[in-house]
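Listed below, chain by chain, are the residues.
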Amino acid sequence: MSVAVVEIPAGSRWLRDDRVTRRDSGILQYDCLEPCLAELLDRSALRFANRVAVVDRCGRTLTYRELWAAAARVAGGLLDQGVGPADRVVVHQPNGVRWLIGFLGVVLAGGVPVLPDPSCSPEEAAEIEVHSGAVLTLDSDLPDGVAFLDGGASPDELAVLYYVRVAGGGLRGVELTNTNVLSTIEAVAHAMDLVGDGVRTVLTAPLSTAAGCSVQLLPTLAFGGTVVVSGSRVIRAPWRHLRAAFPASRFVRGWGVAETGGIGLLLPSEHRARHPRSVGVPFGGIEVALLGPDAEHGTGELLCRGPSVARRYWCDPCATDEAFTDDGWFRTGDQVRIDDEGFVEQIAVRVS
């Protein structure tokens, strides 16, 4: 599908990342990424073995060595059950440390975690298993076997399959490759300065969502930080209440959907007062465009492309043709206004 768009040179002066270069496809890409998510996380586990990787709601902790040992045993158990490279496995566990160990076990086994929307019922999870072609669903006890780590996948292979709700009901699988996921990790870590000692991330979104997993969890683990994981209930509170509860923390506002890797726009804290209604500017190689009769005047449907943007929907060519253009743009369905400085303000949000 070809769509005429008005490209907006937004955000480059605010959140510049010189590590992205434009490829022959015309899309910006990161240089020197790891080949796949499993290799990145394994290097992190070896490097930060004695650091605390996760804290649960009761204050119990796991170091990186302990977390990886538990995940590797799950990987070995999956191998015993016939799970092989690129096989899809549904992770339908409650939000918490068991979910994290199951997810990492699938990654270390060389499989592809299939993550249902957190509101999915058991019946919907079963439908997702069929639609995704998954060979197994982790919905009770986690498998246990001899510790195992797969040799790794290639950058363009599927890394995670998020199932999201769509307008009118139903669920749709969003494919994210290793390159997509690793690009989100690099973008978030760079923008949030996660490289260093003592970074702790309170997970405010469900782990099975792109915002919770790709944006909050994985960048923290990739750079040796500590994730604070809630139980079945996730944190939902106004920004001012979170600020009062965690006074020493940094809070950011942003925008993203699973199709953009979980995030695509970020509002620098120093601009929040001047742009109180903005959801941010593009970062991490994301470029934006507008579609519609008023696009040249800064208003229209928001389009995004970049290294973290998905390439298609799983087994849904019609939806893919409607949402993704031939030159890499994803049609978000959100109506926005973009000002002269590149700050994006939502007017109407896609129902999904």
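The coordinates are above.
Here is what the cut-offs are and how they apply
Residues numbered from 1 in each chain as written. Predicted model: local features only at pLDDT ≥ 70, side-chain atom pairs only at ≥ 80, totals over all residues. Heavy atoms only, no water. Helix = DSSP H or I, 4+ residues; strand = E, 2+ residues; numbered from the N terminus. Buried < 20%, exposed > 50% of the residue type's maximum accessible area, 1.4 Å probe, protein only. Contact = heavy atoms within 4.5 Å. Areas by Shrake-Rupley, 256 points an atom, 1.4 Å probe, with all protein chains shown as cover. Pairing = 2+ DSSP bridges. Axes fitted to C-alpha atoms, helices over the stretch in contact; angles between N-to-C directions. Lys, Arg positive; Asp, Glu negative; His and termini not counted. Salt bridge = Lys/Arg side-chain N within 4 Å of Asp/Glu carboxyl O. Polar contact = N/O pair within 3.5 Å; in protein donor to acceptor, adjacent residues only side chain to side chain. Core = buried A, V, L, I, M, F, W, Y, C linked by side-chain atoms within 4.5 Å.

## Examining the overall build of the protein
1) Next: Within the protein, the regular secondary structure consists of eight helices and 19 strands.
2) Next: By residue count, 56% of the 352 residues in the protein fall in the buried class.
3) Next: When contacts within the protein are restricted to residue pairs at least 6 apart in sequence, those whose partners lie at least 24 apart make up 69%.
4) Next: In the form shown here, the protein has an accessible surface area of approximately 15700 Å², with 51% of it arising from carbon and sulfur atoms.

## Some points on the sheet that holds strand β1 (residues 6-8)
1) Next: Judged by pairing direction, the sheet is antiparallel, and its eight strands sit side by side in the order β1-β16-β17-β18-β19-β15-β14-β13 without closing on themselves. Among the strands making up the open sheet, the edge pair consists of β1 and β13 (253-255). Strand-to-strand twist of the sheet, defined as the mean angle between neighbouring strand axes without regard to direction, takes the value 45°.
2) Next: Sheet topology note: the β13/strand β14 (residues 265-267) ladder contains three bridges and is antiparallel. What sits directly across from W255, in β14, is L265.

## Focus: the side chain of D150
1) Next: Looking at where D150 falls in the secondary structure, it is placed in the loop between β8 (136-138) and β9 (158-165).
2) Next: Buried and unpaired, D150 has R88 as its nearest opposite-charge partner, separated by 13 Å.
3) Next: A polar atom in the side chain of D150 sits 2.9 Å from the backbone nitrogen of G152.
4) Next: Excluding anything up to four places from it in sequence, D150 contacts P85, L108, A109 and G110.

## Things to note about the nonpolar core
1) Next: Judged by nonpolar contacts, the single largest core of 90 residues is most densely connected at W99, Y162, I185, L217 and L218.
2) Next: In this structure, L218 is in contact with L37, L41, F103, V181, I185 and C213, ignoring residues within four places of it in sequence.
3) Next: Membership of the second largest hydrophobic core comes to ten residues, among which are V112, V114, C120 and W314.

## A short note on helix α1 (residues 37-47)
1) Next: Regarding α1, the residues found buried are L37, A38, L40, L41, D42, S44 and A45.
2) Next: Taken together, the buried residues of α1 touch α2 (64-80), α3 (97-108), α5 (178-192) and α6 (210-222).

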